[in-house]
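As a plain string of letters, each chain reads:
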Amino acid sequence: MESLIDFVNRLQRACTTLDDYGGGNNGLSSLWEALPSVAVVGGQSSGKSSVLESIVGRDFLPRGSGIVTRRPLVLQLHKTGNGTEEYAEFLHITNKRFFDFSLVRKEIQDETDRITGKNKQISSVPIHLSIYSPNVVNLTLIDLPGLTKVAVEGQPETIVEDIESMVRSYVSKPNCLILAISPANQDIATSDAIKLAKEVDPAGDRTFGVLTKLDLMDKGTDALDVIEGRSYRLQHPWVGIVNRSQADINKSVDMMVARSKEREYFETSPEYGHLAAKMGSEYLAKLLSKLLESIIRKRIPNILALITRSIEELERELNQLGRPVAIDAGAQLYTILGMCRAFEKIFKEHLDGGRPGGARIYGIFDNQLPAAIKKLPFDRHLSLQSVKRIVSESDGYQPHLIAPESGYRRLIEGSLNHFRGPAEASVNAVHFVLKELVRKAIAETEELKRFPSLQIELVAAANLSLEKFREESMKSVLRLVDMESSYLTVDFFRKLHIMETQESLTTTTTDQFGDGHFKKIASNVAAYINMVSDTLVKTIPKAVVHCQVKQAKLALLNYFYTQISHSQGKQMGQLLDENPALMERRLQCAKRLEVYKKARDEIDAAVWVR
Ligand SMILES: Nc1nc2c(ncn2[C@@H]2O[C@H](COP(=O)(O)OP(=O)(O)OP(=O)(O)O)[C@@H](O)[C@H]2O)c(=O)[nH]1
């Protein structure tokens, strides 16, 4: 059975491959933040690297002046069987084992530079290093850049705050144990590590005080006040450490030799001898390993809850994002046609009710058309002066004897011409409503949201069809108007004639061919136009609905269907070119979902949960 630490290690590595290392996480919940970890914090030259190397028992960290650690190093230690060969692996280099630890150091330097550039910038993207060795305990430590007070040449002025905020982002997590490194040869009150730990963990529950350089203290002084918790009290006892000195490093003193020298130092020390069993890097490693394991055990239910919640969120999002686009032409055509049907359904709902928009067409017929007809300038056309002029022009040299037949015709034809305007306006108004409904229906078709190119193509094809319907509709309504001019309603005039004859028998008119006569003509024509107007107000909507609305419902995408049936796979692929950001998001969600599901299954199956 693998250890809990190994399990968390695997999750940590998975997090890094998912670009999840805390902070902003593309709106996805962070598993990284929920995983317990141990972060190593300290001022520059406090001895952080030395402590880490002592814990590992190998020389492998970059050394030098200035800020050497410029990216977090997630150091995962895996205990292997006695006698097995030690090796290291990086997450960013797959399938390569490093048996030479000087190459590990070089790779850390190179990989740091790859992300930060050579100009000593810092980056919060961690490097993952796993070390497999019989000389380690199962433990994961995160080495962070040393807290510094001043920027050196070539570094941006903000580096001091940048480092502090990066370190703070790690140690603020309630799941992070803080390994606060302070050198014994400096006043503990000035320790950068303790200062930060105090801020983020005021109760001292998760802070481990580590005092390095005990051997470098002035003769006659000791660090017992700190180590015994009198100077600064923490919930966990302080651990004193004696690392290799610079001279030892220069002489490449073996780490195993250094470990035994450290042990000997404490065992023989007059000041710290009584605490020897609880001092030194080996003890520190074991202590941390045990503690980390017990913290992970406690946190497993929380981690499981987070994973379960994230799985639900991811599945929901993936559902919304839709399936990835098929590769073969048949499946692509099927997908496209499915979306067309969805769009057409929504478009029809707008027209038939269920969704708003269709009522605007009735508004055109019920309000706009009658209002426009009412505004037509018949008064002017049928004014006394205009009637006299038109009638006399139609009479020619021979004035009419009884009724001005040709004058009537010209007056009526002239009036009927005015109906063309409102008829055309109705067609155009309906056309614009239909276009607007196409736009709305496209926007409301969930399935289409992923495919901007297909949306554009569908709108273009639908608009082309609407244009054709408009042409047909225009022809039909104008034909209705023209038909009224082509053949006048005989009955109307016959009845009129009978009424006028009866009228002339009962009244004596002195002004038979004066103004009264022309006024009568005007009023007869107006009555006829009124009758025609009543007819057109009823028939124009019929023509418009027949030619535009009904056609739009039946054949809006016919043109598109003809086109797509002749398309090659490549053209269909182009229509289904999703927004790249969306594709990326789906990929990220799917990858994350796979990792989380695997993790959930492992937790479910593991004995250590029960
Ligand atoms: N004598 C002695 N020297 C130590 C001890 N710990 C660290 N040193 C020396 O102190 C110097 C700095 O140690 P590092 O381990 O590099 O310190 P660091 O905190 O990693 O430094 P930066 O990465 O530069 O921030 C080195 O020369 C070490 O040899 C110790 O316990 N005793």
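Preceding this section is the structure that the text describes.
Rules used throughout
Residues numbered from 1 in each chain as written. Predicted model: local features only at pLDDT ≥ 70, side-chain atom pairs only at ≥ 80, totals over all residues. Heavy atoms only, no water. Near = heavy atom within 4 Å. Polar contact = N/O pair within 3.5 Å; in protein donor to acceptor, adjacent residues only side chain to side chain. Areas by Shrake-Rupley, 256 points an atom, 1.4 Å probe, with all protein chains shown as cover. Helix = DSSP H or I, 4+ residues; strand = E, 2+ residues; numbered from the N terminus. Nonpolar A, V, L, I, M, F, W, Y, C, P; charged D, E, K, R; others polar. Pairing = 2+ DSSP bridges. Buried < 20%, exposed > 50% of the residue type's maximum accessible area, 1.4 Å probe, protein only. Axes fitted to C-alpha atoms, helices over the stretch in contact; angles between N-to-C directions. Left-handed = near helix turned anticlockwise from the far one by under 90°. Contact = heavy atoms within 4.5 Å. Core = buried A, V, L, I, M, F, W, Y, C linked by side-chain atoms within 4.5 Å.

(A) The site of the ligand, seen in detail. Not every one of the 20 residues close to the ligand is listed here, only the nearest: Ser 49, Ser 50, Asp 215, Asn 243 and Gln 246. One of the side-chain N or O atoms of Ser 50 is found 2.5 Å from an oxygen atom in the ligand. Coverage of the ligand by the protein chains reaches 91% of its 650 Å² of free accessible surface. Elements with a contribution of two residues or more to the shell around the ligand: helix H2 (48–56) and helix H7 (246–250). Per-element tally for the shell around the ligand: the top contributor is H2, with three residues. Looking at the shell around the ligand residue by residue, the classes come out as four nonpolar, 11 polar and five charged.

(B) Summary view of the environment of Cys 340. Within the secondary structure, Cys 340 is located in helix H10 (residues 329–352). Here the alpha-carbon distance between Cys 340 and Glu 447, two residues 107 residues apart in the chain, equals 9.4 Å.

(C) Representation of the sheet that holds strand S2 (residues 73–79) in the model. Reading across from one edge, S3-S4-S2-S5-S1-S6-S7-S8 is the order of the eight strands in this open sheet, with mixed pairing throughout. Looking along the sheet, the strands with just one partner apiece sit at the ends: strand S3 (87–90) and strand S8 (239–240).

(D) Looking closely at the pairing of strand S5 (residues 139–143). In terms of burial, S5 is largely enclosed, as five of its five residues are buried. Residues Leu 139, Leu 141 and Asp 143 line one face of S5 and the alternating positions Thr 140 and Ile 142 line the opposite face, and both faces are buried. Sheet analysis places strand S1 (residues 37–42) next to S5, joined by three bridges and oriented parallel. Opposite Val 38, over in S5, you have Leu 141 as the bridge partner. Sheet topology places S2 next to S5; five bridges connect them, and they run antiparallel. Bridging across to S5, Leu 73 finds its partner in Asp 143.

(E) Quick look at the packing of helix H11 (residues 359–374) against helix H18 (residues 515–555). Close contact between H11 and H18 brings their axes to 11 Å; oriented N to C, the two are set at 145 degrees. As H11 runs across H18, the sense of the crossing is right-handed. When H11 is examined against H18, the residues Ile 361, Phe 365, Leu 369 and Ile 373 are found in contact with a partner set consisting of Ser 533, Leu 536, Val 537, Ile 540, Pro 541, Val 544, Val 545 and Val 549. Across the contact of H11 with H18, the residue classes break down as 11 nonpolar, one polar and no charged.

(F) The environment of Met 217, seen in detail. Position of Met 217 relative to the elements: it lies in the loop between strand S7 (207–212) and helix H6 (224–227). The spacing of Met 217 and Gln 186 is 31 residues in sequence and 8.6 Å in space, taken between C-alpha atoms. If we skip the residues at most four places from it in the chain, Met 217 touches Ala 184, Asn 185, Asp 222, Ala 223 and Tyr 272.

(G) Seen up close, the nonpolar core. In terms of nonpolar packing, the biggest core is built from 100 residues, with Phe 60, Leu 129, Leu 179 and Leu 214 touching the most fellow members. When residues in this core are grouped by element, the largest group, 13 residues, is from helix H9 (residues 281–321). The residues touching Phe 60, leaving out its near neighbours within four places in the chain, are Glu 53, Leu 75, Phe 101, Val 104, Arg 105, Ile 108, Leu 129 and Ile 131. In terms of nonpolar packing, the next biggest core, distinct from the first, is built from 70 residues, Leu 351, Ile 364, Val 525 and Ala 555 among them.

Shape descriptors only; they carry no functional weight alone.
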